[in-house]
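# A look at the structure
These are the residues of each chain, in order.
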Amino acid sequence: MPVREAADRRGRAQRGRSGLLEREPALAAIERILDAAETGGGSALLIEAHAGMGKTRLHEAALDGARDRGMRVLRAAGAELEQSVAFGVARQLLTGQLGELTVAQREALLADAPAPVRALAGSGGGGGGEPEDAGDDLALAHGLFTLLSTADESRPALIAIDDLHWCDGPSLEFVLYILHRLDELPIAMLLTQRASLAADGPEALNGIAAHPRVDTIALSPLRQDTVAELVGAALGDRASDGVIEACHEATAGNPFYLHELLLALEEEQRLSSEQLAERARALAPEGVTRIVRVRVGRLGPAAGRLSRAVAILGDDAPLRHAAHLAGLPVAEAARAAHELANVEILLDREPLRFVHPLVRHAIVGDIPASERGSRHLDAARLLYAEGAESERVAAHLLLGRAEGDAWVVEQLGAAARDARASGAAQSAASYLRRALEEPPSPELRPELLAELGSAEAAAGLPSAAGHLTRALAGITEPRRRAELALERGRALEGQGRHREAAQAFEDGLSELGTGPEDEALQDQLEAELLGAATFVPALQARLVEHGARVLEREDVPPRTRAGRLLLAHAARRAAFAGRPSSIVLEFAERAWDDGCVLDPAIPQWIGWRLTVEAFLLGGDLERAIELAEAAIEDARRRSSPLAFATASLFRALPELGRGEVDAACADLESALATRRFGWHQFSRMAFSQYALCLLEKGQVERAAELMGEDPPSAEPRDLEEALCTYALGTVRQAQGRPGEALDLFLAAGGVVERTLNVFGFCPWRTAAAVAALGAGQPAQALELALEADAVTQRTEVLHQRIRALRVLGLCQPGAEGIATLTAAVELGRHSPPRLETVRALVDLGAAMRRANKRSAARQHLQLAADVALKGGATALHERARTELAATGARPRRVALLSGPASLTPSERRIAELAAAGSSNREIAQALFVTPKTVEYHLRNVYRKLEIEKRQALAAALGP
C-alpha cells in the first residue's frame with residue numbers, strides 16, 4: 001500500500017475515532033454561539049447523546065475554536081465520583097478564570113467578593129461553623145457569576161461544561177443562574193450530557209435542558225456509508241459488504257464502539273471476510289467491553305491491578321495514589337500505566353485518566369460489587385491520610401460498604417459540617433443519610449437525625465420535619481428538645497404548614513423552665529410562634545393577647561436576636577391594633593438596636609422586615625428608608641439577589657409614600673426582575689405596589705394589564721389578597737369605574753376588619769369614600785371618611801392623617817370642605833415630604849378654583865405641579881397643570897417626552913449613579929445587573945439627553 005494512501009486512511013480512521021464524522025450540524029451550531037459571543041450576545045448549546053457518540057470530542061473542538069478566536073475559555077467537567085462535592089464544577093470554572101489573571105488582578109477581584117466565594121476560590125474567608133449564608137445557594141451563585149462576568153469584560157468567553165449529568169446539584173443551579181442572565185453577557189455556553197440520563201435527572205438538569213436560551217442538538221449514529229469508510233480504512237481488502245454490514249449492526253453506528261470493534265478485528269489477521277463478519281456480530285457492545293478487559297489482561301497482573309485502582313479513584317488520579325491502592329511500587333505502576341496507554345486504555349499523561357468513560361465503565365464492571373465497596377473504603381482512608389478535603393473522602397465513603405464503622409460515621413459527619421459551612425445543605429444531607437445507613441451507635445443516632453433534619457430544612461426539603469421528629473423521640477434533655485422543636489417549627493413554617501409550626505413552637509416552650517439560662521431560647525420560640533400565628537386565623541386571639549402582654553413589658557431588652565424579633569412583632573402588632581404612632585416607633589427603634597436586627601440578614605429572616613414595616617406603619621417613612629437601605633447594603637455585601645429584592649421592595653413602599661415615584665418604580669422593577677431566580681415570597685405585593693406606581697405615572701392601562709396577569713379572587717382570603725384587591729380597586733377608579741372600585745375596596749376592608757383594626761398598607765376606607773363619591777353615594781362617602789378620620793386621630797400617623805383630612809374635605813360641602821382641605825395642606829406643609837400632601841394641594845386648589853378663589857388656587861396648584869414633577873408623579877403633575885389652566889393661568893410647559901423627564905426610572909437611577917462617579921462595574925454590582933445592562937441603559941440615557949460623554953450627565957440631569 002502506498003505510504004500516502006496509508007496515511008490518508010489512518011487520518012480518516014482517526015477522524016472517525018475522534019467522533020467528528022457526520023458532526024457538521026453540531027460544529028456549525030458551535031460556530032454560531034461563538035459568533036454570537038463575539039458580537040456581544042449570549043447563547044447556549046446543549047449536545048445530548050448516548051455514551052460513545054462523540055460529545056467530549058465536540059466539547060474539545062469548541063474549546064479549540066474559542067482559543068483560535070482569542071476568547072476567554074472556562075472549562076469544567078462533571079465526574080461520576082464527585083457528584084456529591086458541592087460547587088465542584090463551579091469551582092473548576094472559577095479556578096480557570098482566576099488562573100488567567102496576575103496575582104494583583106486576582107487579589108483585586110476577590111477583595112470585594114463574599115466570604116463563601118473567597119473560600120471556594122481558596123483565598124480564605126470561609127470561617128468555621130455554620131455561615132450566615134447557609135442555605136442561600138443563590139448568593140454564592142451570584143457571587144461566582146459576578147466574578148466570571150466582570151473579570152475581563154473586554155473579551156467574550158466560552159463556558160464549556162462536559163458531562164453535565166455528573167455535575168453536583170449546586171453547580172447545576174449555578175449553570176441555571178447563568179442561563180437566566182445569559183442575554184446580558186458576551187458568553188457562549190456549550191453543555192454536553194448523556195441522553196439516556198437526561199429525563200430522570202435532577203430538577204435543575206431538566207430546567208437547563210428546557211431553558212429558552214438553550215438550543216439542543218442530539219447526535220445521531222453514524223450512517224452505513226461512513227461506517228464503510230472507517231471499516232475500509234482499518235481492514236483494507238477484508239472490508240467486504242458483509243463485514244461492513246455486521247460492524248454497522250453490531251455497533252448501531254456508535255463511534256466509540258466501532259473504534260473498539262475495529263481495534264479487535266485488526267488483530268484477527270488470519271480470519272477471512274466471512275469469519276470477520278461473524279466475529280463482528282459476536283462482539284456486540286457488551287462484547288466490546290469484554291474486549292477492553294482482554295486487552296488489559298494481556299498486559300499482566302500489574303496493569304490489571306493499576307487499571308482497577310484508577311477505576312476506583314476516578315479521573316485524574318495521581319500515580320502514587322493509584323500505585324498505593326493497587327499495591328504496586330510507584331516505578332512498576334508507572335510502567336503499567338505506559339503499557340495501558342499503548343493499548344488505548346489510559347491517556348498517556350499524569351494524573352491518570354481513562355481514554356473514555358466507557359473504558360472505565362468496562363473496568364469497573366470487572367470488579368465484583370463486594371470488592372468495589374471495600375476498595376472505595378480503602379480509597380477514602382488513603383485520601384484521608386494525605387489530608388484531602390473531607391468531601392473528597394466522603395465521595396468514596398458514599399460508595400463504600402456499610403460496616404458499622406465509627407470512623408466512617410465520623411468522616412461523613414465532618415464532610416456534612418464542611419458542606420453546610422459552604423452553603424451546600426443538600427450535599428450535607430446526602431452525607432448524613434449515608435452515615436445513618438452505616439449505622440452509627442445508638443447514642444449518636446438521635447443527633448445525626450437532628451443534623452440531617454437541619455440540613456434538609458436549610459435545603460428546603462420536605463423530609464426535614466420528619467427527621468427532626470424522629471430525633472426528638474431519642475432525646476430526653478429538655479433544653480435540647482426545645483432547640484429541636486424550634487428547628488422543626490422552622491422547617492414546617494418553610495413549607496407553609498403554619499398551624500403545625502405553631503404547635504411545634506408551643507411544644508418547645510413547654511420544655512423550658514423559668515431560669516435565666518433559658519430566656520433567649522424562650523424569646524426565640526415565642527417570636528417564631530408569633531410569626532406562625534399571624535397566618536392562622538384560629539390563633540389570632542393568642543397573637544393579640546401576646547402582643548398586648550409584650551407592649552406592657554417596658555423592660556423588654558433587645559439583648560438577643562429573639563428579643564429584637566419580639567420587639568419588632570410588638571411594634572407591628574401595636575400598629576395593627578391602632579395604638580399611637582409614638583408607641584409603634586419606640587418599639588421599632590428598640591427592635592432595630594443600631595442595626596443588630598439585620599443579623600442574620602438572610603432572605604427568609606423576618607426581623608428587619610418587621611422593623612421596617614413598623615416604621616412605615618408608624619409614619620416615619622424616612623427611618624423606614626434608612627433601614628431598608630441598610631438591608632440593601634447588607635445584601636450587596638453578601639451578594640444575595642433574594643435579600644436585595646426583598647429590601648428593594650421594602651424601600652419602595654416608603655419612597656412611594658414620600659412622593660418619590662420614580663425611585664419606587666426603579667426599586668420595584670429591580671425586585672420583580674429577581675422572580676426569575678426564585679423570588680416569589682413577596683412578588684404579589686410587589687406587583688400591586690408597582691401597579692399603584694404606574695397609576696401615579698399616568699399609565700393606567702399598563703397598570704390594568706399588570707393586575708390582570710394574576711387577578712385577586714372576588715373574595716380575598718388573607719391580607720396579601722386584600723392588598724391586591726385594594727390595588728385593583730385603585731386601577732378601576734383610575735379607569736373611571738367607581739362602582740366596581742367601591743365593591744373591591746369594601747371587599748378588601750372586610751378582610752382587614754376581620755383580622756386587624758388597622759392595616760396601613762391598605763387604606764380602604766378613604767379609597768372607598770372617594771369611590772362612593774364618584775358612584776353618586778355622598779352619604780356613604782361621608783360616613784366612611786368620618787370613620788377614617790377617627791382612626792387616624794387615634795393612630796397619629798402623619799401621611800394617613802393628611803389623607804383622611806383630604807378625603808373628608810372632598811366629602812364635605814363648600815366652605816367646610818375647603819377648611820378641612822386647608823387643614824390637610826397645613827399639616828403637610830410643616831412636615832417631611834408626603835405624596836398625600838401633593839394630593840391635598842391639588843384638591844385644595846381645585847376646590848378654591850370652583851369657589852372662584854383663583855389667585856389662592858394658583859399658588860397651591862403651582863407648588864403641587866412642581867413637587868409632583870420632581871418625584872415623577874406624572875398624573876398628579878398633569879392634573880395640577882389642568883387645574884392651573886382652568887384658573888386662567890399659563891402653566892409652565894414641561895417636555896415629558898424628552899430630556900430628563902423622558903428617562904425611565906431604571907435609566908434615571910443608573911444615570912444618577914454614573915453622574916456621581918460610579919463605574920459601570922460598580923453600578924452593576926450595586927444593582928445586581930451586568931455591566932452590559934448598565935451600558936445598554938446609559939446608551940439610551942445619552943440618546944435621550946442628547947449628550948455624548950459621561951462627564952455631561954450631571955449637568956444634563958439637572959437638580
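Residues numbered from 1 in each chain as written. Predicted model: local features only at pLDDT ≥ 70, side-chain atom pairs only at ≥ 80, totals over all residues. Heavy atoms only, no water.

So, on to the pairing of strand β3 (residues 157–162). For β3, the buried fraction is high: six of the six residues fall into the buried class. On β3, burial covers both faces: A157, I159 and I161 on one face and L158, A160 and D162 on the other are all buried. Relative to β3, strand β2 (residues 72–77) runs parallel, the two sharing six bridges. Residue pairing across strands places R72 opposite A157, the latter belonging to β3. Note that β3 and strand β4 (residues 187–194) share five bridges and pair parallel. Paired with I159 across the bridge in β4 is M189. One crossover worth recording links β3 to the parallel β4 by way of helix α8 (residues 169–180), and it is right-handed. (Buried < 20%, exposed > 50% of the residue type's maximum accessible area, 1.4 Å probe, protein only. Helix = DSSP H or I, 4+ residues; strand = E, 2+ residues; numbered from the N terminus. Pairing = 2+ DSSP bridges. Right-handed = clockwise from strand over helix to strand, strands pointing away.)

What follows is about the pattern of salt bridges. Summed over the entire model, instances satisfying the criterion amount to 60 salt bridges. Between E260 and R295 there is a salt bridge; the shortest N-O distance is 2.7 Å. Remark: R295 occurs in helix α15 (residues 285–297) and E260 occurs in helix α13 (residues 255–266); sequence separation between them is 35 residues. Residue R295 is classed as buried on the basis of its relative accessible area, which comes to 8%. One salt bridge in this structure joins D593 and R564, with 3.2 Å as the shortest N-O distance. Placement of D593 in the loop between α31 (581–592) and α32 (607–617) and of R564 in helix α30 (residues 561–576) is noted, with a sequence separation of 29 residues between them. The exposure class assigned to D593 is partly exposed, which follows from its relative accessible area of 22%. Assessed through its relative accessible area of 9%, R564 is described here as buried. (Salt bridge = Lys/Arg side-chain N within 4 Å of Asp/Glu carboxyl O.)

Moving on: the sheet that holds β3. What holds strands together in a sheet is hydrogen bonding between their backbones, with the strands either parallel or antiparallel. Pairing within the open sheet is parallel, and its five strands lie in the order β2-β3-β4-β1-β5. Both outer strands of the open sheet, β2 and β5 (214–218), are each paired with one neighbouring strand and no more. The mean angle between the axes of side-by-side strands here comes to 15 degrees, regardless of whether they run parallel or antiparallel. Lying on the sheet, helix α4 (residues 88–99) is in contact with β2 and β3; it crosses β2 at an angle near 150 degrees. Sheet strands in contact with α8 are β1 (43–49), β3, β4 and β5, and its direction is about 140 degrees off that of β4. (Axes fitted to C-alpha atoms, helices over the stretch in contact; angles between N-to-C directions. Contact = heavy atoms within 4.5 Å.)

Looking at the secondary structure, you find A317 in the loop between α16 (301–313) and α17 (319–326). Look past the residues within four positions of A317 in its chain and what remains in contact with it is P351 and L352.

Structurally, H211 is set in the loop between α10 (203–209) and β5. With sequence-adjacent residues up to four places away left out, H211 is seen in contact with L176, L179 and H180.

Using the criterion set out here, one finds seven aromatic pairs in the structure. With centroids separated by 5.7 Å and ring planes inclined at 90 degrees, the aromatic side chains of F650 and F682 adopt a geometry described as edge-to-face. Placement of F650 in helix α34 (residues 641–657) and of F682 in the loop between α35 (661–673) and α36 (683–696) is noted, with a sequence separation of 32 residues between them. The pair formed by F650 and F682 is uniform in burial state, with each residue classed as buried. Three or more aromatic residues link up through ring pairs in this structure, and these residues are W608, F650 and F682. Above the face of the W407 ring, R381 is positioned so that its terminal group lies 4.2 Å from the ring centre. Its end group placed over the ring of F587, R590 keeps NZ or CZ at 5.3 Å from the ring centre. (Phe/Tyr/Trp six-rings, centres within 6.5 Å; stacked < 30°, edge-to-face > 60°. Lys NZ or Arg CZ within 6 Å of the ring centre and 35° of its normal.)

To continue, consider the packing of helix α33 (residues 621–638) against α34. Orientation of α33 relative to α34, taken along the N-to-C sense of each, is 160 degrees, at an axis distance of 8 Å. Judged on the interaxial angle alone, α34 and α33 are roughly antiparallel. In this structure, α33 meets α34 at a crossing whose hand is left-handed. Between α33 and α34, the residues in contact are L621, A624, I625, A628, E629, A631, I632, A635, R636 and R638 and A643, F644, A647, S648, F650, R651, P654, E655 and G657, respectively. When grouped by side-chain class, the residues that make up the contact of α33 with α34 number 12 nonpolar, two polar and five charged. (Parallel < 35°, antiparallel > 145°, perpendicular 65-115°, else oblique. Left-handed = near helix turned anticlockwise from the far one by under 90°. Nonpolar A, V, L, I, M, F, W, Y, C, P; charged D, E, K, R; others polar.)

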